[in-house]
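# Overview (structure and organization)
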Amino acid sequence: MRHLPATSTASFLSGLWFVFQDSGRRRIGVWCGALSGNQKVVVDGEVVSTQRHVLRGATHTFTRQNDEYQVTLSSESLTNGIFDCILTKNGLPVGHQRALFTPPKSSGYRLVTSVLVTAAILLGWWFGVTSWQLATFVPGALLLFIVVTVRDSGFSFADLAPQ
């Protein structure tokens, strides 16, 4: 597990990090794997809870020095990319953060690049039937297509009032 980031961050490959500061005493990070569904709660660099939930919310409960914490992860809308993380301490709200997916900006360059990469994938598949070397080109072209398509997309974070 890599170090706990200073602020909430997200990417498709690294996943989502929700980072909270508890009264200046503890830094609590909640990591959600964007592709795997794995979830980890990290307190001051130590993993205190691990679960795996794909396409649904989860609750993590842990205790630190007689304080009981609860982290609730939920997805308001998978299609719109809205994810919520709520942290409570001894039943009282500490923080609520929301991650919002930002779709890629459209541009002529992106459209032309996407069409060319799609054409390369189709040609690689077509000729790959008879040539093994071209068939190995298809996975690389597919990966390039995904990178080009999601390159300018990302997540923005909002601190919401604790509920």
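Before reading further, recall that the structure is shown in the block above.
Below or above, wherever it landed, is the structure these notes cover. Computed from a predicted model, the values in this text were never measured in an experiment.

### A short note on the environment of Ser8
- Position of Ser8 among the secondary structure elements: in the segment before strand 1 (9-11).
- In terms of polar contacts, Ser8 uses its side chain to reach the side chain of Gln97, at 2.5 Å.

### Some thoughts on the nonpolar core
- In terms of nonpolar packing, the biggest core is built from 15 residues, with Phe18, Ile28, Val30, Phe62, Val71, Leu73 and Cys85 touching the most fellow members.
- When contributions to this core are tallied by element, the ones reaching two or more residues are strand 2 (15-22), strand 3 (26-32), strand 4 (38-43), strand 7 (67-77) and strand 8 (82-89).
- In terms of nonpolar packing, the next biggest core, distinct from the first, is built from five residues, Leu4, Trp17, Val19 and Val42 among them.

### Digging into the pairing of strand 3
- Within strand 3, six of the seven residues are buried, which leaves it mostly tucked inside the rest of the structure.
- Bridge count between strand 2 and strand 3: seven bridges; the pairing is antiparallel. Residue pairing across strands places Val19 opposite Gly29, the latter belonging to strand 3.
- Hairpin connection, strand 2 to strand 3: the antiparallel pair is bridged by three residues, and Ser23 has positive phi, about 50 degrees.
- As consecutive antiparallel partners, strand 3 and strand 4 are separated by five residues, and within that stretch Gly37 has a phi angle of approximately 85 degrees, a positive value.

### With respect to the sheet that holds strand 1
- Read from one edge to the other, the open sheet built from five strands follows the order 1-2-3-4-5, with strand pairing classed as antiparallel. Strands with a single pairing partner mark the edges of an open sheet, and in this sheet they are strand 1 and strand 5 (46-52). Strand-to-strand, the axes of this sheet are offset by a mean angle of 15 degrees, without reference to chain direction.
- Here five bridges tie strand 3 to strand 4, and the two strands are oriented antiparallel to one another. Pairing of Trp31 across the sheet is with Lys40, part of strand 4.

### Focus: the pattern of salt bridges
- Under the definition given, this model contains seven salt bridges.
- One salt bridge in this structure joins Asp67 and Arg26, with 3.7 Å as the shortest N-O distance. Separated by 41 residues along the polypeptide, Asp67 in strand 7 and Arg26 in strand 3 bring together distant segments of the chain. Like Arg26, Asp67 is buried.
- As a salt-bridge pair, Asp84 and Arg98 come within 2.8 Å of each other at their nearest N and O atoms. In this pair, Asp84 is assigned in strand 8 and Arg98 in strand 9 (residues 92-102), connecting sequence segments 14 residues apart.
- Judged by its relative accessible area of 8%, Asp84 falls in the buried class.

### Quick look at the packing of aromatic side chains
- For the coordinates displayed, the defined rule picks out one aromatic pair.
- On the basis of an interplanar angle of 10 degrees and a centroid distance of 5.2 Å, the ring pair of Phe62 and Tyr69 is categorised as stacked. The pair Phe62 / Tyr69 is uniform in exposure class, with both members buried.

### Quick notes on the pairing of strand 5
- As paired strands, strand 4 and strand 5 are joined by six bridges and run antiparallel to one another. The residue bridging Asn38 from the neighbouring strand is Arg52, located in strand 5.
- Between strand 4 and strand 5, which pair antiparallel one after the other, the connecting turn spans two residues, and Asp44 there sits at a positive phi close to 50 degrees.

What counts as what
- Residues numbered from 1 in each chain as written.
- Predicted model: local features only at pLDDT ≥ 70, side-chain atom pairs only at ≥ 80, totals over all residues.
- Heavy atoms only, no water.
- Helix = DSSP H or I, 4+ residues; strand = E, 2+ residues; numbered from the N terminus.
- Polar contact = N/O pair within 3.5 Å; in protein donor to acceptor, adjacent residues only side chain to side chain.
- Core = buried A, V, L, I, M, F, W, Y, C linked by side-chain atoms within 4.5 Å.
- Buried < 20%, exposed > 50% of the residue type's maximum accessible area, 1.4 Å probe, protein only.
- Pairing = 2+ DSSP bridges.
- Axes fitted to C-alpha atoms, helices over the stretch in contact; angles between N-to-C directions.
- Salt bridge = Lys/Arg side-chain N within 4 Å of Asp/Glu carboxyl O.
- Phe/Tyr/Trp six-rings, centres within 6.5 Å; stacked < 30°, edge-to-face > 60°.

Note that every value here comes from positions in space, so none of it alone points to a role or purpose.
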